[in-house]
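# Observations on the model geometry
One-letter residues, chain by chain:
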Amino acid sequence: MKKKEELVTFGLTEKQAEEVMLLESRMMEEAVKFRFVKKDGTIREAVGTLKRSLMKLADGTLWQPKGEPRPDTAGVMKYWDCDKQSWRSFNVEGLVWNM
């Protein structure tokens, strides 16, 4: 789980850091609807989770990890996109928050 101090050091305000931590915390428990600004400036609406039991593929089976996980990147949040049934990520500075 991300630490507030790391997020503030990365350049987020305290409020932004708290929102990222809250989103990550909620994603560990359920699928959460949220929005973020993409690199091209458009707003993307997503439903994401970090709860393994909700990471389902198109055929209904659960996603299974393959090999070693990729290392974390500062300022980037990885999540399972429930609609696209795939891992996605976004820059935490672009979080617009949940709906």
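The sections below set out a description of the structure shown in this document.

Basis of the calculations
- Numbers given for residues are sequential positions, taken from 1 along each chain in its written order.
- Owing to the predicted nature of the model, reporting of local features is limited to residues with pLDDT of at least 70; listing and counting of side-chain atom pairs is limited to 80 or more, with chain, interface and lining totals taken over all residues.
- With hydrogens and water excluded, all non-hydrogen atoms of the structure serve as input to the side-chain values.
- Nonpolar side chains (Val, Leu, Ile, Met, Phe, Trp, Tyr) are joined into patches within 5 Å and like charges within 9 Å, using only residues with over 30% relative accessible area and no salt bridge.
- Exposure was quantified through the Shrake-Rupley algorithm and a 1.4 Å probe, taking into account, for residues, occlusion by the shown protein chains and nothing else.
- Criterion for a salt bridge: a side-chain nitrogen of Lys or Arg within 4 Å of a carboxyl oxygen of Asp or Glu.
- A run of H or I in DSSP becomes a helix once it reaches four residues, and a run of E becomes a strand once it reaches two; helices and strands are each numbered from the N terminus.
- Any pair of nitrogen or oxygen atoms within 3.5 Å is treated as a polar contact; in protein, a donor-acceptor pairing is required on top of that, and neighbouring residues in sequence qualify only through side-chain atoms on both sides.
- Contacts: residue pairs with any heavy atoms within 4.5 Å of one another.
- Here, nonpolar core means buried Ala, Val, Leu, Ile, Met, Phe, Trp, Tyr and Cys residues that are tied together by side-chain atoms lying within 4.5 Å of each other.
- Burial classes follow relative accessibility: with a 1.4 Å probe on protein chains only, a residue under 20% of its type's maximum area counts as buried, one over 50% as exposed, and anything between as partly exposed.
- By convention, a stacked pair of Phe, Tyr or Trp rings (six-membered ring in the case of Trp) has centres within 6.5 Å and planes under 30 degrees apart, an edge-to-face pair has planes over 60 apart, and any other such pair is tilted.

The next point concerns a nonpolar patch on the surface. On the surface, Val37, Ile43 and Val96 cluster together into a nonpolar patch covering about 230 Å² of accessible area. Relative to the helices and strands, Val37 resides in strand β1 (residues 32-37).

Take the side chain of Asp81 next. Residue placement: Asp81 occurs in strand β3 (residues 76-81). Polar side-chain contacts of Asp81 include one of 2.3 Å to the side chain of Arg44. The residues touching Asp81, leaving out its near neighbours within four places in the chain, are Arg44, Ala46, Val47, Ser86 and Arg88.

A separate point is unusual backbone geometry. Although it is not a glycine, Gln85 adopts a positive phi angle of roughly 55°. The residue Gln85 is located in the loop between β3 and β4 (86-91) in this model.

A few words now on the nonpolar core. With 13 residues, the main nonpolar core has Leu23, Met27, Phe34, Tyr79 and Phe90 as its most contacted residues. Looking at this core, the elements that each hand over two or more residues are α2 (14-27), β1 and β3.

Before going further, it helps to examine the packing of aromatic side chains. The tally for this structure, following the rule as stated, stands at 9 aromatic pairs. Where Phe36 meets Tyr79, the ring centres are 6.5 Å apart and the plane angle is 70°; that geometry is what we call edge-to-face. Here the residue Phe36 occupies a position in strand β1, and Tyr79 occupies one in strand β3, the gap between them amounting to 43 residues. This pair shows no difference in class: Phe36 is buried, exactly as Tyr79 is. Here the aromatic rings of Trp63 and Trp87 are separated by 5.3 Å at their centres, their planes lie at 75°, and the arrangement is edge-to-face. Within this pair, whereas Trp63 is found in the loop between β2 (43-49) and β3, its partner Trp87 is found in strand β4, the two being separated by 24 residues in sequence. Three or more aromatic residues joined by ring pairs make a cluster, and in this case those are Phe34, Phe36, Tyr79 and Phe90.

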